[in-house]
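Notes for the structure review
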Amino acid sequence: MRRPVFPVVLSGGAGSRLWPLSRETYPKQLIALVDEHTLLQATALRLATLKDLSSPIVVCNEEHRFMVAEQLQAIGMTPDAILLEPMARNTAPAIATAALEALSLCGEDDEPILLVMPTDHVIRDNEKFACAIQEAVQEAATGKLVAFGAAPDYAETGYGYIKAGPATGADNSARVVETFVEKPDREEAVALIETGDCYWNSGMFVFGARRYLEELDRHAAPVREAAQKAHENAKQDLNFLRLDADCFAEAPNLSVDYAVMEHTSDAVVVPFDAGWSDIGSWTALMELSALAQKDEAGNIVQGDTILRDTRDTYIRADSRIVATLGVANLVIVDTPDALLVADRNATQDTRKIVEQLRQAGRDEHRHHRKVYRPWGHYERVDGGEGFQVKRLTIRPGGRLSLQMHRHRAEHWVVVRGTAKVTRGEETFMLSENQSTYIPQGTRHRLENPTEEALDLIEVQSGSYLGEDDIVRFEDIYGRSSPKPSEE
């Protein structure tokens, strides 16, 4: 019997606690926060150093699909599958669809094992992590469901904990899970660490694909049923497997901890001390960055800054100079369209600001000023009543859909490069300093036929300028339905 090990890379989170850098359409796992690689790429590169693993199965939000594929391609990683979630339903349904996909990739007699890895982690010692994985796989081969317990460095209130019971055997470090503990207050966190038997719940797991589905049947059958239907009715879309939206929507919004791990009688924990960190808040990122960047006053800065009488403060200045005077214990994150100033001890509540933005009908929780698309990106430069100005950058070979707008007209001015324009029945080329006009209701397309980037200014004018005023007729990226924020 063959037991292939499939890494399952979970890349579906929104990262709201790292707002304003992380947004729904460009979340933290797609951003380089620690070094030159994004968190997604760092996870994939970590897998590449481990032995005897199959290519990963990636689960991501369908809005992020092209960015995920592009970032993996940039580091030479080719997944076995990229599953697209039509909406967020937490980790239990996501892992269920990955388990079903792993089984479909194997023979009938194979017993695939899943190594579940979220993309918002940092692990500094890959060798120690590899040893922990080897032990976890051995436990999973006996039918156990394994959680990784990170050795705690301090009384963190932002993590869940695992209280360990007796060892599963004399020759390994795996221990029976006694209980899972929700995020504690500080006093309880201190007490848990003092026992010596508690570990941070890393959110990483190893278990057999069939075993996981069996436990779902016992403890969270609606999750299994919805995932099964969503996978059975999935459609191939370019290099992606698009899960059926109606079926997936029926899945309860449950984490793997709630759905299975807290209920199964076969849960074990493998402790490991490999420099694990969950980048779940600005404070967590500050502590991680402090290892390399902290100055004599305890400050960590990135970007153009001037500090006077400032201590123990994290500053990220992405768009302009940030100056501080006479402050301490702050987190300051400046982006082109939003500024966060927070007490270091309050950053776990950043998601409350995101929710307030959502309830107010604003857009800053979803988009940056720069919005990435499969053909390149655009940046909003200016706007007002009845007009909007954008700068578009179209990568070599990029092509927008053949489309029409019901409520707006557009003017295009080429700043750099050469554009191929379709306007109604005519097709023509534009070079630098040349322009054209697209009347309201006219079919049009913009593409870059060259090997150099194309930059142009787009001026929109009309009664409605929303991104959902798009009727697509052809699209090389498979985006056939007009949806808000898709073009």
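Our subject is the structure that appears above.
As a starting point, this report considers the structure included with it. Bear in mind the structure is a predicted one, so any value in this text is a computation, not a measurement.

When helices and strands are counted, the protein chain shows eleven helices and 28 strands. Computed over the C-alpha atoms, the radius of gyration of the protein chain is 24 Å, within 12% of the 23 Å expected from 2.2 N^0.38 for a compact globule of 487 residues. Along the three orthogonal principal directions, the C-alpha set of the protein chain runs to about 75 × 65 × 40 Å. The burial tally for the protein chain puts 53% of its 487 residues in the buried class. Of the contacts formed within the protein chain by residues at least 6 apart in sequence, a portion of 68% connects residues at least 24 apart. Summing over all exposed atoms, the protein chain offers an accessible surface of approximately 21,600 Å²; the carbon and sulfur share of this is 46%. Positive and negative side-chain charges in the protein chain, numbering 52 and 76 respectively, have mean positions lying 3 Å apart.

Here the focus is the nonpolar core. Counting residues in each nonpolar core, the largest one holds 84 residues, and the members touching the most others are Phe129, Phe148, Phe272 and Trp282. In terms of residue count, helix 4 (residues 126-140) provides more of this core than any other element does, five residues in total. If we skip the residues at most four places from it in the chain, Phe272 touches Phe129, Ala132, Phe148, Gly149, Ala150, Ala151, Ser202 and Met204. Grouped together as the second largest cluster of nonpolar side chains are 47 residues, Ala81, Ile95, Leu243 and Phe248 included.

In this structure, Arg423 sits in strand 23 (residues 419-423). Within the local environment of Arg423, its side chain forms a polar contact with the side chain of Thr436, the two groups lying 2.8 Å apart.

Going from Trp19 to Pro20, the amide bond is cis rather than trans, its omega being 10°. Mapped onto the elements, Pro20 comes out in the loop between strand 1 (5-11) and helix 1 (39-48). Unlike most non-glycine residues, Leu238 shows phi in positive territory, near 55°. Within the secondary structure, Leu238 is located in the loop between strand 10 (235-237) and strand 11 (240-242). When its relative accessible area of 46% is taken as the criterion, Leu238 is described as partly exposed. At Asn433, a position not held by glycine, the phi torsion is positive, near 75°. What makes Asn433 exposed here is its relative accessible area of 69%.

So, how was this worked out
- Residues numbered from 1 in each chain as written.
- Predicted model: local features only at pLDDT ≥ 70, side-chain atom pairs only at ≥ 80, totals over all residues.
- Heavy atoms only, no water.
- Helix = DSSP H or I, 4+ residues; strand = E, 2+ residues; numbered from the N terminus.
- Rg over C-alpha atoms; globule rule 2.2 N^0.38 Å.
- Buried < 20%, exposed > 50% of the residue type's maximum accessible area, 1.4 Å probe, protein only.
- Contact = heavy atoms within 4.5 Å.
- Areas by Shrake-Rupley, 256 points an atom, 1.4 Å probe, with all protein chains shown as cover.
- Lys, Arg positive; Asp, Glu negative; His and termini not counted.
- Charge placed at Lys NZ, Arg CZ, Asp CG, Glu CD.
- Core = buried A, V, L, I, M, F, W, Y, C linked by side-chain atoms within 4.5 Å.
- Polar contact = N/O pair within 3.5 Å; in protein donor to acceptor, adjacent residues only side chain to side chain.

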